[in-house]
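Chain residues, written in single-letter form:
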Amino acid sequence: MKNKLWKPIALLSPAVSAVFLLLVIPVGFIVVYSFWLRAPSGADIPAFQFGNFAKFFADFFYPSILLRTIRVSFETVALCLVMGYIPAYFFYRSKTRFKAILLLLIMLPFWISFIIRTMSWINILGDTGLINHFLVKLGILSSPIGMLYNEGSVLMGLIQYLLPFMILNIYVSLDGIDKSLLEAARSMGCTEWQAFKEVTLPLSLPGVSAGSLLVFVLTAGTYLPPMILGGPGNEMIANLIFKRVIGTLDWPFGSAISVVLLSLLLIIVWTYNRYLGINQIFKSLQ
Amino acid sequence: MIKVSGWSLIRLYTILVYVFMFAPIAVVVVLSFNPEQFGCFPMKGVSLRWFFKLAHNEPILIAFKNSLILGSLTAIFSTTIGILAALAFVRYDFPGKNTLNTLLLAPIMIPEVILGVALLLFIRWLQQPKTFILLVIGHVVLTLPYVLLIVQARLVGIKRVYEEAAQSLGANPFQTFKEVTLPLLTPAILAGMLFSFTISFDDITATLFWATAQNQTVPVKIFGMLRNSISPEINALGTVMIILTIGTPLLAGYLSRKFTRGD
């Protein structure tokens, strides 16, 4: 056994050392830096103190951004569930020969630039955008209404970005259901709705929960949609990190906020893994 | 009767979701042909004006060149590393296999903002400047988990018996690799390269941390242009990017089919 081990070690070493050197150690640096001090001159001073975290929780300003991040993440998960379950169910039950194409189409946005898809909501929701143009033209509105730079427009961008993840996760789960179970339920006198409620829905829950976790985690760390489609009141925690690190070069405080975000995600993922198991997530991504 | 109307509601709902998903993409393409100065509705004709303007926009052409070089380098490194790791996972059993697999897939779950800050902090501590190399190594870390997932899924089908058969027929290890393993690996390699190229080419959030004024990519350039307002030129640039990132896999698929038929 021992002399056979060198092969997998050799094959894995480039990937493992890359991730270790460029991800694990750098993230460790964030944790270390979050305890450091920032001199008035802007220099970083090595220290071990909790001042950066105390500053974060000192007044309501920063925690409110954290709470907003959590709220928007839950909203995005809920909306993706509402918008994603039915199409996933459609793919599962549909017998159309276009099914493969329809599934490919749902994955198409993965190939299209995130920033293009996000900024295009300005074309749609803006004062001279698609919706206002038609509403004014049809006489429903006398003048354009502001639909941009609020939480609604941020959610539009987020859903457009994350919905495919949710649909694919649910579809993979539905597709794994043995269809004879449904036939059995039907033959025992269940109505279509009862069969769905008693058989299909419970068996699709692993996909629902995996999709929800993925969407939550990706939303909580999102930077672009609040930046482009949100107003000053829609900032999320990633925007705050960017502003502190790139804007004011306050590395220790920026690191502390990053640690707060990482802790939030770790708590969510840990809780999920404890009760549901994490491996389902990677299934749909293949 | 109820069943039929229920199903047609599901179908209608699905169509509406597709409209929602594709409206922003369609609108970008449509508006990029708008001849007006302000890229909005109503359209007052169709023109290629903004595409011509793009073709003469020096900073954008430079950004395009940067993005292409970055994407290609990322694809080469990420796929090489990813294929090797995937071979280890698919072909060998060793202690700690699952833990290592999770570690290598972890970057998917870590927000790009964190990856961006982390690598930048590390570079700063090493007192290195932000260079193009930082973008390349950053993008390799970003794309590696996706390459690993894609490639692993494709490698599972390649059984070791093929190689054993070649060797029992007298092929040496090099011949076995060249004549058996490599041809079997090629689809996985191409898929990995395509995927990592596209992710690198489109990446914005982490790249905003790592890029400097000298080595901007196309998405970073678009981000900067959006500060003024949305314009037909951005829409035109968006159309070019959409054609490029969708066209490349389509072309690759077409070519690979053509080549296998020619065999």
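Along every chain, residues carry numbers that run from 1 in the direction the sequence is written. Numbering of ligands from 1 and lettering of chains from A proceed in the order in which they are written. Only residues with pLDDT of 70 or above have their local features reported here, since the model is predicted, and side-chain atom pairs are shown and tallied only from 80 upward, although totals for entire chains, interfaces and linings are computed over all residues.

K.L.:
Lay out the overall build of chain B with the relevant residues and their values.
P.N.:
Counting its secondary structure elements, chain B contains eleven helices and zero strands. By definition, any uninterrupted DSSP run of H or I lasting at least four residues is a helix, any uninterrupted run of E lasting at least two residues is a strand, and each is numbered from the N terminus. Secondary structure of chain B in N-to-C order comes out as α-α-α-α-α-α-α-α-α-α-α. With C-alpha atoms as the basis for the radius of gyration, the globule rule is written as 2.2 Å multiplied by the number of residues raised to the power 0.38. Relative to the 2.2 N^0.38 estimate, which gives 18 Å for 263 residues, the radius of gyration of chain B is 23 Å and therefore markedly larger than a compact globule would have. Dimensions of chain B, computed from C-alpha atoms along their principal axes, come out at roughly 70 × 70 × 40 Å. With 263 residues in all, chain B has 43% of them scored as buried. With C-beta atoms placed from the backbone, a residue is labelled by how many other C-beta atoms lie within 10 Å of its own: buried for 20 or more, exposed for 12 or fewer, partly exposed between the two.

K.L.:
Give me unusual backbone geometry: which residues, what numbers.
P.N.:
Trans peptide bonds make up most of the peptide bonds, and negative phi angles are found at most residues other than glycine. One non-glycine residue, Leu 249 of chain A, adopts positive backbone phi at about 55°. Along the chain, Leu 249 of chain A turns up in the loop between helix 11 (237-247) and helix 12 (251-275). On the basis of neighbour count, Leu 249 of chain A is assigned to the exposed category, with 12 C-beta atoms found within 10 Å. Backbone geometry places Gln 127 of chain B, a non-glycine residue, at a positive phi of 55°. Along the polypeptide, Gln 127 of chain B turns up in the loop between helix 5 (112-125) and helix 6 (132-155).

K.L.:
For the interface of chain A and chain B, give the residues involved together with the corresponding values.
P.N.:
By the convention adopted here, residues are in contact when the distance between their C-beta atoms, placed from the backbone, does not exceed 7 Å. The interface of chain A with chain B comprises 67 residues on the first partner and 65 residues on the second. Here the side of chain A that touches chain B gets 17 residues from one element, more than from any other, and that element is helix 1 (residues 6-33) of chain A. Residues belonging to the side of chain A that touches chain B are distributed by class as follows: 51 nonpolar, 13 polar and three charged. All amino acids are sorted into three groups, where Ala, Val, Leu, Ile, Met, Phe, Trp, Tyr, Cys and Pro are nonpolar, Asp, Glu, Lys and Arg are charged, and the leftover types, Gly among them, are polar.

K.L.:
Go over the environment of Ala 47 of chain A, please, and point to the residues and values.
P.N.:
Residue and element names in this part refer to chain A. Counting through the fold element by element, Ala 47 comes out in the loop between strand 2 (44-45) and helix 2 (51-56). According to the C-beta neighbour criterion, Ala 47 is exposed, with 12 such atoms within 10 Å. Note: C-alpha distance between Ala 47 and Ser 34 (13 residues apart in sequence) is 9.4 Å.

K.L.:
Report on the nonpolar core, specifying residues and quantitative values.
P.N.:
Ranked by internal contacts, the top residues of the largest apolar core, which has 148 residues, are Ile 241 of chain A together with Ala 85, Val 117, Ala 118 and Leu 144 of chain B. Examining the composition of this core, we find that 16 residues originate from one element, helix 7 (residues 151-175) of chain A, more than from any other. Setting aside residues no more than four positions away along its own chain, Ile 241 of chain A makes contact with Gly 254, Ile 257, Ser 258 and Leu 261 of chain A together with Val 113 and Val 117 of chain B. By definition, a nonpolar core groups buried Ala, Val, Leu, Ile, Met, Phe, Trp, Tyr and Cys residues that are joined through C-beta atoms within 7 Å.

K.L.:
Tell me about the packing of helix 3 (residues 61-93) of chain A against helix 9 (residues 192-220) of chain A, residues and numbers included.
P.N.:
Residue and element names in this part refer to chain A. The axes used here are C-alpha line fits, helices contributing only the stretch in contact, and every angle between their N-to-C directions lies in the interval 0 to 180 degrees. At a minimum axis separation of 9 Å, helix 3 and helix 9 run at an interaxial angle of 140°. Put simply, helix 3 runs oblique to helix 9. Between helix 3 and helix 9 lies a crossing of right-handed hand. Contacts from Thr 69, Val 72, Ser 73, Thr 76, Val 77, Cys 80 and Leu 81 in helix 3 reach Val 208, Ser 212, Val 215, Phe 216, Thr 219 and Ala 220 in helix 9. Angles are sorted into four bins: roughly parallel if under 35 degrees, roughly antiparallel if over 145, roughly perpendicular if 65 to 115, and oblique for all others. Note: crossing handedness is left-handed where the near helix turns anticlockwise from the far helix by less than a right angle, and right-handed where it turns clockwise.

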